[in-house]
Amino acid sequence: MARVKGGLMAQKRRRNILDEVKGYRLQRSKKKRVAREAIYHAQLYAFAHRKDKKNDFRRLWTVRINAALMAFGLKYSRFINTLKVKNVEIDRKVLATLAKDRPEAFARLVESVK
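Residues numbered from 1 in each chain as written. Predicted model: local features only at pLDDT ≥ 70, side-chain atom pairs only at ≥ 80, totals over all residues. Heavy atoms only, no water.

Colleague: Is there a simple way to think about the environment of Lys93 in this case?
Modeller: The residue Lys93 is located in helix 4 (residues 92-101) in this model. Among the residues examined, Lys93 registers a relative accessible area of 48% and is labelled partly exposed. Sequence separation between Lys93 and Phe57 is 36 residues, and the spatial gap between their C-alpha atoms is 8.4 Å. (Helix = DSSP H or I, 4+ residues; strand = E, 2+ residues; numbered from the N terminus. Buried < 20%, exposed > 50% of the residue type's maximum accessible area, 1.4 Å probe, protein only.)

Below, the structure written as structure tokens:
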């Protein structure tokens with residue numbers, strides 16, 4: 001049986017790895033070994049940070065709502081508690097969007113809840 005050299009497949013593997021790291025800086029975008037390591041870490045961080053993103057956005061919404069409520073002399077925790085007591089089911093994302101983009105609608109909501 002004839003000897004099979006792996007040149008073509010090795011080139012293809014290397015090309016695919018380097019295609020995936022386009023835009024990376026220095027050796028990470030040029031050398032296969034370093035690029036493979038960079039891909040590994042990028043995928044690891046992407047997985048972890050997809051989970052973190054949910055917490056980050058909730059924190060951002062809380063800050064935005066609290067900042068908008070200061071004009072009305074209310075605190076975030078009391079406002080959220082009042083919403084729950086009055087069975088107003090609006091999530092924090094919508095409240096933050098209202099506070100940022102539609103302040104007059106947010107003001108009407110706060111006045112109705114007060």
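Colleague: Can you walk me through the side chain of Arg92 in this structure?
Modeller: Structurally, Arg92 can be placed in helix 4. No salt bridge is formed by the buried Arg92, whose closest oppositely charged neighbour, Asp91, lies at an N-O distance of 8.0 Å. Other than its neighbours up to four places away in sequence, Arg92 contacts Arg58, Trp61, Ile65, Tyr76 and Ile80. (Lys, Arg positive; Asp, Glu negative; His and termini not counted. Salt bridge = Lys/Arg side-chain N within 4 Å of Asp/Glu carboxyl O. Contact = heavy atoms within 4.5 Å.)

Colleague: Honestly, a positive patch on the surface in this entry has me stumped. Any pointers?
Modeller: Judged by side-chain charge, Arg50, Lys51, Lys53 and Lys54 come together as a positively charged surface patch. Position of Arg50 among the secondary structure elements: in helix 2 (residues 32-70). Residue Arg50 is classed as partly exposed on the basis of its relative accessible area, which comes to 45%. (Patch = residues over 30% accessible without salt bridge, like charges linked within 9 Å, V, L, I, M, F, W, Y side chains within 5 Å. Areas by Shrake-Rupley, 256 points an atom, 1.4 Å probe, with all protein chains shown as cover. Charge placed at Lys NZ, Arg CZ, Asp CG, Glu CD.)

Colleague: Please explain the pattern of salt bridges as it appears in this structure.
Modeller: When the charged atoms of two side chains lie near each other, side chains of opposite charge can form a pair. Inspection of the entire model under this criterion finds 4 salt bridges. Across the salt bridge formed by Glu104 and Arg102, the nearest N and O atoms sit 3.4 Å from each other.

Colleague: Honestly, the packing of aromatic side chains in this entry has me stumped. Any pointers?
Modeller: Two aromatic rings are characterised by how far apart their centres lie and by the angle between their planes. Throughout the structure, instances matching the rule amount to 3 aromatic pairs. Arranged with centres 6.2 Å apart and planes meeting at 55°, the rings of Phe79 and Phe106 form a pair that is tilted. Here Phe79 is found in helix 3 (residues 76-85), whereas its partner Phe106 is found in helix 5 (residues 103-113), with 27 residues between them in sequence. Side by side, Phe79 and Phe106 carry an identical accessibility label, which is buried. Site record: aromatic cluster; members linked through ring pairs are Phe72, Phe79 and Phe106. (Phe/Tyr/Trp six-rings, centres within 6.5 Å; stacked < 30°, edge-to-face > 60°.)

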